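# Descriptive analysis of the structure
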Amino acid sequence: MPDENRFSGLGDVVEEEEPEAPVGESGESASAETSDDAGVTDEADALDDAASSGSPAFEFEDTSAKSVYVRPETLSVMDDAEFEVESLLRRDHEVRDLTGREFHDALVRVAADHPDEVVTAILAAREEE
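These notes cover the structure that comes with them. (Residues numbered from 1 in each chain as written. Predicted model: local features only at pLDDT ≥ 70, side-chain atom pairs only at ≥ 80, totals over all residues. Heavy atoms only, no water.)

## Some points on the overall build of the protein
The secondary structure content of the protein amounts to 5 helices and 0 strands. When the helices and strands of the protein are placed in sequence order, the string is α-α-α-α-α. Going through the 129 residues of the protein one by one, you find that 9% of them count as buried. Partitioning the contacts of the protein with sequence separation of at least 6, the portion at a separation of at least 24 is 41%. When the accessible surface of the protein is split by element, carbon and sulfur atoms take 52% of a total near 11,300 Å². (Helix = DSSP H or I, 4+ residues; strand = E, 2+ residues; numbered from the N terminus. Buried < 20%, exposed > 50% of the residue type's maximum accessible area, 1.4 Å probe, protein only. Contact = heavy atoms within 4.5 Å. Areas by Shrake-Rupley, 256 points an atom, 1.4 Å probe, with all protein chains shown as cover.)

## Examining the pattern of salt bridges
Taken as a whole, this structure holds 4 salt bridges when the rule is applied. Between glutamate 73 and arginine 71 there is a salt bridge, and its shortest N-O distance comes to 3.8 Å. Residues arginine 91 and aspartate 92 are paired through a salt bridge, measuring 3.4 Å at the closest nitrogen-oxygen approach. Exposure remark for arginine 91: the relative accessible area of 57% places this residue in the exposed category. On the accessibility criterion, aspartate 92 (48% relative accessible area) is partly exposed. (Salt bridge = Lys/Arg side-chain N within 4 Å of Asp/Glu carboxyl O.)

## Looking at unusual backbone geometry
Despite not being glycine, glutamate 94 has its phi angle at roughly 55°, a positive value. With respect to the element layout, glutamate 94 can be found in the loop between helix H3 (72–93) and helix H4 (100–113).

## Points about a nonpolar patch on the surface
Among the surface-exposed residues, Val68, Val70 and Leu75 lie close enough to one another that they form a single nonpolar patch of about 260 Å² accessible area. Within the secondary structure, valine 70 sits in the loop between helix H2 (43–53) and H3. (Patch = residues over 30% accessible without salt bridge, like charges linked within 9 Å, V, L, I, M, F, W, Y side chains within 5 Å.)

## Considering the packing of H3 against H4
Two elements in contact, H3 and H4, have axes separated by 11 Å at closest approach and are oriented at 110°. If you check the angle between H3 and H4, you find them roughly perpendicular. Within the contact between the two elements, H3 uses Met78, Ala81, Glu82 and Val85 and H4 uses Gly100, Phe103, His104 and Leu107. Along the lines of polarity and charge, the residues of the contact of H3 with H4 split into 5 nonpolar, 2 polar and 1 charged. (Axes fitted to C-alpha atoms, helices over the stretch in contact; angles between N-to-C directions. Parallel < 35°, antiparallel > 145°, perpendicular 65-115°, else oblique. Nonpolar A, V, L, I, M, F, W, Y, C, P; charged D, E, K, R; others polar.)

## A short note on the side chain of glutamate 82
Along the chain, the position of glutamate 82 falls in helix H3. Buried and without a salt bridge, glutamate 82 has arginine 101 as its closest oppositely charged side chain, separated by 11 Å. With sequence-adjacent residues up to four places away left out, glutamate 82 is seen in contact with Leu98, Gly100 and Phe103. (Lys, Arg positive; Asp, Glu negative; His and termini not counted.)

## Let's talk about the environment of valine 95
Looking at the element boundaries, valine 95 is found in the loop between H3 and H4. Among residues more than four places away in sequence, those in contact with valine 95 are Leu89 and Arg90.

Have a look at this one:
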């Protein structure tokens, strides 16, 4: 076995490299923020820009991981819903690069906007048991 560690210094090389932000059709970086006069990011404009440039609504670095525990049949329904959403985005809005993080973020936001429907679904699931 060689005395040298062939991986020594690899971490330094990786740290030095910074990934470039993807460039949209307008030539601007996809990570550029759209701001109003007060300097506050206008979320709706940023989402519109992302949709028109074909890039995801937000970067992976802007996310937090959280475990979600669902039954296998629920996961199957969610996978089907994701396929349907992707189909609608492609057909009606010419969006072809839906990311899992965008789908899951939208799913949680919709659920948060409709707590009464979430309560109804929980009660219905309990009655099925």
